[in-house]
Amino acid sequence: MRRFGLSLTLILGLWPSLGWAQPRDIVVFAAASLKNVLDEAVAAFETETDHDVVVSFGGSSALARQIQQGAPADIFISANVLWMEALQGDGLILPESRTVLAGNRLVLVGLDGDPVDLQDPGALSARLAPDDRLAMALVDAVPAGIYGKTALQNLGLWSGIVPFVAQTGNVRAALRLVSLGEARMGVVYATDAHIDSTVTVLATFPASSHPPIRYPAALTAERTHPDALAFLRFLRGAQGQTLFARYGFLTGIAE
């Protein structure tokens, strides 16, 4: 499987990107697929409060490892439960603060509008010429890639498309490869397709083909901002949940 270059966040590391954050900032590490909704949520929260919020986006695996290595963060928002469980097992998050902010769906996208029947074992590979690529986030590390690989395996499609898979550091990088025409198709979240008008949803993966896609959030054990919980409550509250729904996320989901 080919592996395309990682995102700038992963190449440069997250700590330098936080160098400009002031002590009064609430620091959030969040999955890349949340960028659009969190950008708007941060703006709304900052308007209503006296607190500033700075968010570093990236693959959940990279963010979790940064926290394990001592990176300063008040809140961690993952794109799957496993990385949150890993940090909880290390004593790096406050279990009592854990909550699920939203859910998502997994889709196949491309630049053309012809649908793909994912129940047909040969339909996906038949759409890929020898030089074509299927963009996915890292299939053994990044949640979107893990979900995608699991879904393709459960549908009996994985072995036929392995030679075409191009891996990226996070799901937004996979989306960009498709949007730029550098990959014929890609496996991304439904919310990613929602914000990119250049791509078309060719198929939605059955919910039964992969574990439920959830976005757990929690305060870190080493948080330094006393009002970090206020931002977490804002995201879980009515205004935050309305924003998540507007961007195509599934809301009203319990832990």
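Residues numbered from 1 in each chain as written. Predicted model: local features only at pLDDT ≥ 70, side-chain atom pairs only at ≥ 80, totals over all residues. Heavy atoms only, no water.

How do you make sense of the overall build of the protein when you look at a structure like this?
Across its full length, the protein holds 12 helices and 11 strands. Against the globule reference of 18 Å for 255 residues, the protein gives a C-alpha radius of gyration of 18 Å, in line with a compact fold. Buried residues in the protein amount to 55% of all 255 residues. For the protein, long-range pairs separated by at least 24 residues make up 79% of all intrachain contacts whose partners lie at least 6 apart in sequence. Only carbon and sulfur atoms are counted for the fraction: they give 53% of the accessible area of the protein, which is about 10,800 Å². (Helix = DSSP H or I, 4+ residues; strand = E, 2+ residues; numbered from the N terminus. Rg over C-alpha atoms; globule rule 2.2 N^0.38 Å. Buried < 20%, exposed > 50% of the residue type's maximum accessible area, 1.4 Å probe, protein only. Contact = heavy atoms within 4.5 Å. Areas by Shrake-Rupley, 256 points an atom, 1.4 Å probe, with all protein chains shown as cover.)

Before we go on, may I ask you to explain the sheet that holds strand E4 (residues 75-77) in this structure?
To summarise the sheet geometry, strands pair through backbone hydrogen bonds and adopt either a parallel or an antiparallel arrangement. The five strands lie next to each other as E3-E2-E4-E11-E5, forming an open sheet whose pairing is mixed. Looking at which strands have only one partner, the edges of the open sheet turn out to be strand E3 (52-58) and strand E5 (99-104). Going across the sheet, the axis of each strand differs from the next one's by a mean of 20°, ignoring polarity. Bridge count between E4 and strand E11 (residues 213-219): three bridges; the pairing is antiparallel. Considered in E11, the bridge of Ile-75 is made with Leu-219. Lying over the sheet, helix H4 (residues 60-68) contacts strand E2 (25-31), E3 and E4, oriented at roughly 135° with respect to E2. Relative to E11, helix H5 (residues 81-89) is tilted by about 25°, and along the sheet it contacts E4 and E11. (Pairing = 2+ DSSP bridges. Axes fitted to C-alpha atoms, helices over the stretch in contact; angles between N-to-C directions.)

What am I meant to see in the environment of His-225 here?
Topologically, His-225 is positioned in the loop between E11 and helix H11 (228-236). By relative accessible area, which is 6% here, His-225 ends up buried. One polar contact links the side chain of His-225 to the main-chain amide nitrogen of Asp-227, over a distance of 3.0 Å. (Polar contact = N/O pair within 3.5 Å; in protein donor to acceptor, adjacent residues only side chain to side chain.)

Would you take a moment to explain the packing of helix H3 (residues 35-48) against H11 for this structure?
It is at 11 Å that the axes of H3 and H11 come closest, and there the two elements cross at 120°. It follows from the interaxial angle that H3 and H11 lie oblique. Seen from above, H3 lies across H11 with right-handed handedness. In this structure, H3 uses Leu-38, Ala-41, Val-42, Ala-44, Phe-45 and Glu-48 to contact H11, whose residues at the interface are Ala-230, Phe-231, Phe-234 and Leu-235. (Parallel < 35°, antiparallel > 145°, perpendicular 65-115°, else oblique. Left-handed = near helix turned anticlockwise from the far one by under 90°.)

Looking at this structure, how should I read the environment of Val-199?
Within the element layout of this structure, Val-199 appears in the loop between helix H10 (190-195) and strand E10 (200-204). With a relative accessible area of 9%, Val-199 lands in the buried category. The sequence separation of Val-199 and Arg-236 amounts to 37 residues, and the corresponding C-alpha distance is 30 Å. Apart from residues lying up to four places away in sequence, Val-199 is in contact with Val-109, Gly-110, Leu-111, Leu-175, Val-178, Ser-179 and Ala-193.

What am I meant to see in the nonpolar core here?
Soluble globular proteins tend to bury their nonpolar side chains together. Counting 76 residues, the largest nonpolar core has Leu-34, Leu-38, Ile-77, Leu-108 and Phe-231 as its most contacted members. A per-element tally of this core places H3 first, with six residues. Aside from chain neighbours lying at most four places away, what touches Phe-231 is Ile-26, Val-28, Ala-41, Val-42, Phe-45, Val-53 and Ile-75. (Core = buried A, V, L, I, M, F, W, Y, C linked by side-chain atoms within 4.5 Å.)

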